[in-house]
Amino acid sequence: MKIISANWLLTCNENNSIIKNGAIVFDEKILEIDSLENIQKKYPNKQIEILGKNSVLMPGLINSHIHLEFSANSTTLKYGNFMNWLNSVIKSRDELINKATKQLIDAKLKKIIKTGTTTIGAISSYSFELEALINSPINKVFFCEVIGSKSDMIDTLFADFKSRYNNAKKYSSKNFIPAIAIHSPYSVHPFLVREALKFSREEKCAVSAHFLESPEEFDWLHKDEGSFLEFFKNFLGQEKAVSKPMEFLNQFSNIENLSFTHCVEASDADIKKIGDLGAYINHCVTSNRVLNNSKLDLEKIKNVPFTIGTDGLSSNNSLSMFDELRNCIMVHSSENIINLSKKLLIAATSNGAKALGLKKGQLEKEFDADMIYFKLPDILEDKDDLAMNIILHTKFVDKTIIGGKYV
Ligand code: MCF
Ligand code: FE
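Residues numbered from 1 in each chain as written. Chains lettered and ligands numbered in written order. Predicted model: local features only at pLDDT ≥ 70, side-chain atom pairs only at ≥ 80, totals over all residues. Heavy atoms only, no water.

A. Main features of the packing of helix α2 (residues 82-99) against helix α8 (residues 227-236). Relative to each other, α2 and α8 sit at 20 degrees, their axes nearing to 10 Å. Taken together, the axes of α2 and α8 lie roughly parallel to each other. Between α2 and α8 lies a crossing of right-handed hand. Residues Phe82, Met83, Leu86, Asn87 and Ile90 of α2 form the contact with α8, whose own contacting residues are Ser227, Phe228, Phe231 and Phe235. Of the residues that constitute the contact of α2 with α8, the class distribution is 7 nonpolar, 2 polar and no charged. (Axes fitted to C-alpha atoms, helices over the stretch in contact; angles between N-to-C directions. Helix = DSSP H or I, 4+ residues; strand = E, 2+ residues; numbered from the N terminus. Parallel < 35°, antiparallel > 145°, perpendicular 65-115°, else oblique. Left-handed = near helix turned anticlockwise from the far one by under 90°. Contact = heavy atoms within 4.5 Å. Nonpolar A, V, L, I, M, F, W, Y, C, P; charged D, E, K, R; others polar.)

B. Spatial organisation of the domain arrangement of the protein. Domain assignment breaks the protein into domain 1 (2-60 + 362-406) and domain 2 (61-356). Each of domain 1 and domain 2 has a C-alpha centre, and these two points are 31 Å apart. Taken residue by residue, the interface counts 28 residues in domain 1 and 29 residues in domain 2. It is Gly60, Ile391 and Ile402 that lose the most area in domain 1 upon contact with domain 2, and together they represent 26% of the buried surface on that side. Along the contact surface separating domain 1 from domain 2 lie 2 salt bridges. In this assembly, domain 1 and domain 2 are joined by 7 residue pairs in polar contact (both at pLDDT 80 or more). Contributions of two or more residues to the side of domain 1 that touches domain 2 are made by β5 (55-59), β14 (371-375), α14 (386-393) and β15 (399-402). At 5 residues, α14 tops the list of elements feeding residues into the side of domain 1 that touches domain 2. In the side of domain 1 that touches domain 2, the residues fall into 15 nonpolar, 6 polar and 7 charged. (Domains from an automatic or database assignment. Buried area = accessible area lost by both parts, 1.4 Å probe. Salt bridge = Lys/Arg side-chain N within 4 Å of Asp/Glu carboxyl O. Polar contact = N/O pair within 3.5 Å; in protein donor to acceptor, adjacent residues only side chain to side chain.)

This is the structure in structure tokens:
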């Protein structure tokens, strides 16, 4: 059992409460959280680590959507237009994936931890990053990807997916949880979606899917036209989308931990359906900016909880959640920065944990002791400004605790 005290405890709990001069008692879980004064009275003989002036202790950040297999990209892929990006992925995928060695991914994971992330939702196309991941202390929900829209390939693709999933399952532990990613409504045949979701219900695992991120995807799914048409004709001999957005969403009933990534072009009815499914929206603001020059309308999704993801280096220049949060406050410029910052830190902690089905993301009794601490550059006058100043000023954390252990 350990006790830490900080100037500011940002709990990210249901009331979003902040404790000034607080202390937290923990082993692998959080045992107690209160004012330093009360904790000192209760544990008079216990040593307390006092973090001191301007210190902040908060739940570790949860990056709900990341593709580590694309970690070797920096300048290779085309940005600015989704179709150009997709073509560049197809052209350079093998080369990029080969360059994403275990050493490279190890280094990225170290930096991810140093920049405050304690849990990731890792989307995996091939399981090439599995070895690096299982050797890292970071918590991971490992989403094995299902992809393929050709009807004559369903059995083969499903068998390939199941073998990756079953292999990943061998490494199941409290910090490695296998899950399922359905790539998207345009790239997965509805029968394959059906089989994968049936499997997910048996496994009781989390499910995530990319959904309506580009205008090109919208035109293709709704009207079978636009630049996806040429792409699908050339590559797969298909002239029609395999499913409509609502038909796709309708398949996702009765899944406990469900999330849809992007949703930038989703209609009001789609958003309502996502809410009715009890799902979360993974918001990847930088990815949306660089691939599509678009942004999620936070007002439009106000009834659906959202999480924060960096996506991969395939569509971002950083895997740091603090960089991503800074981008969020800059891109969503019509929202008041103080309120938005509070919402964003909840999205990046508590909501991320809920979307992934984890008892994390809050400084609250019985929650996993995944915490980060760092110092603000100067004295904070008003606690109402805490979330905003954390986002504006934090690049690296001083210490990371995962499952009660310093990493
Ligand atoms: O989220 C971004 C953009 N949207 C879709 N897919 C990906 C993203 N980053 C990486 N991907 C991967 C995806 O998992 O790109 C591959 C898939 O395996 C090719 S998409 C035909
Ligand atoms: Fe993605």
